[in-house]
Amino acid sequence: MNAVSQVFAMVAAAIHLVVWPLESFLYGHPRVRYLLTGNTADAPEVRLWRFNVGFYNLFLALGLVAGLVLLHTGHSASGRAVIVYIGAFMLAGGITLFVSEPRLWRGALGQAVPAAVILLAEVI
């Protein structure tokens, strides 16, 4: 796996690690809601959903980290497979987010662009 893919796997993991506590624990703060949704209005009915989605982001990030560890500990085929799969998953998730709610384009880009770079760098 080339260096560009590895760097962007780390970038994607970092983004998802940052988003995890924002969605899971800090969503009650207006600034966080604005950062994530572009709106400060509280929606208490989505707190449980946000909590779950935050952990979803954590698990995606940990998957990329696990893939990088595999890659650098003699399991390159397995590491590459994990990173490519999670990258494709993140790209599809970013596209789905944008298509379903275009006003959340910043979040969609944050999820999809690093993943797209991972996949493109592996193809080129």
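Above: the structure in question.
One structure accompanies this document, and this report is about it.

Rules and cut-offs
- Residues numbered from 1 in each chain as written.
- Predicted model: local features only at pLDDT ≥ 70, side-chain atom pairs only at ≥ 80, totals over all residues.
- Heavy atoms only, no water.
- Helix = DSSP H or I, 4+ residues; strand = E, 2+ residues; numbered from the N terminus.
- Rg over C-alpha atoms; globule rule 2.2 N^0.38 Å.
- Contact = heavy atoms within 4.5 Å.
- Areas by Shrake-Rupley, 256 points an atom, 1.4 Å probe, with all protein chains shown as cover.
- Core = buried A, V, L, I, M, F, W, Y, C linked by side-chain atoms within 4.5 Å.
- Buried < 20%, exposed > 50% of the residue type's maximum accessible area, 1.4 Å probe, protein only.
- Salt bridge = Lys/Arg side-chain N within 4 Å of Asp/Glu carboxyl O.

Section: the overall build of the chain
Next, step 1: Counting its secondary structure elements, the chain contains 5 helices and 0 strands.
Next, step 2: Relative to the 2.2 N^0.38 estimate, which gives 14 Å for 124 residues, the radius of gyration of the chain is 15 Å and therefore close to what a compact globule would have.
Next, step 3: Considering only C-alpha atoms, the chain reaches an extent of 45 × 25 × 20 Å along its principal axes.
Next, step 4: In the chain, the proportion of contacts linking residues at least 24 apart, taken out of those at least 6 apart, comes to 62%.
Next, step 5: Element-wise, carbon and sulfur atoms account for 73% of the exposed surface of the chain, whose accessible area totals about 7,100 Å².

Focus: the nonpolar core
Next, step 1: Judged by nonpolar contacts, the single largest core of 13 residues is most densely connected at Ala9, Leu64, Ile83 and Met90.
Next, step 2: When contributions to this core are tallied by element, the ones reaching two or more residues are helix H1 (3-24), helix H3 (47-71), helix H4 (76-100) and helix H5 (105-123).
Next, step 3: The greatest single-element share of this core, amounting to 5 residues, is contributed by H3.
Next, step 4: In contact with Ala9, not counting residues within four places along its chain, are Leu64, Leu68, Ile83 and Ile118.

Remarks on the pattern of salt bridges
Next, step 1: Applying the stated rule across the entire model yields 5 salt bridges.
Next, step 2: The shortest N-O distance in the salt bridge between Arg103 and Glu101 comes to 3.4 Å.
Next, step 3: Residue Arg103 is classed as partly exposed on the basis of its relative accessible area, which comes to 49%.
Next, step 4: Salt bridges sharing partners connect three or more residues here, namely Arg33, Asp42 and Arg47.

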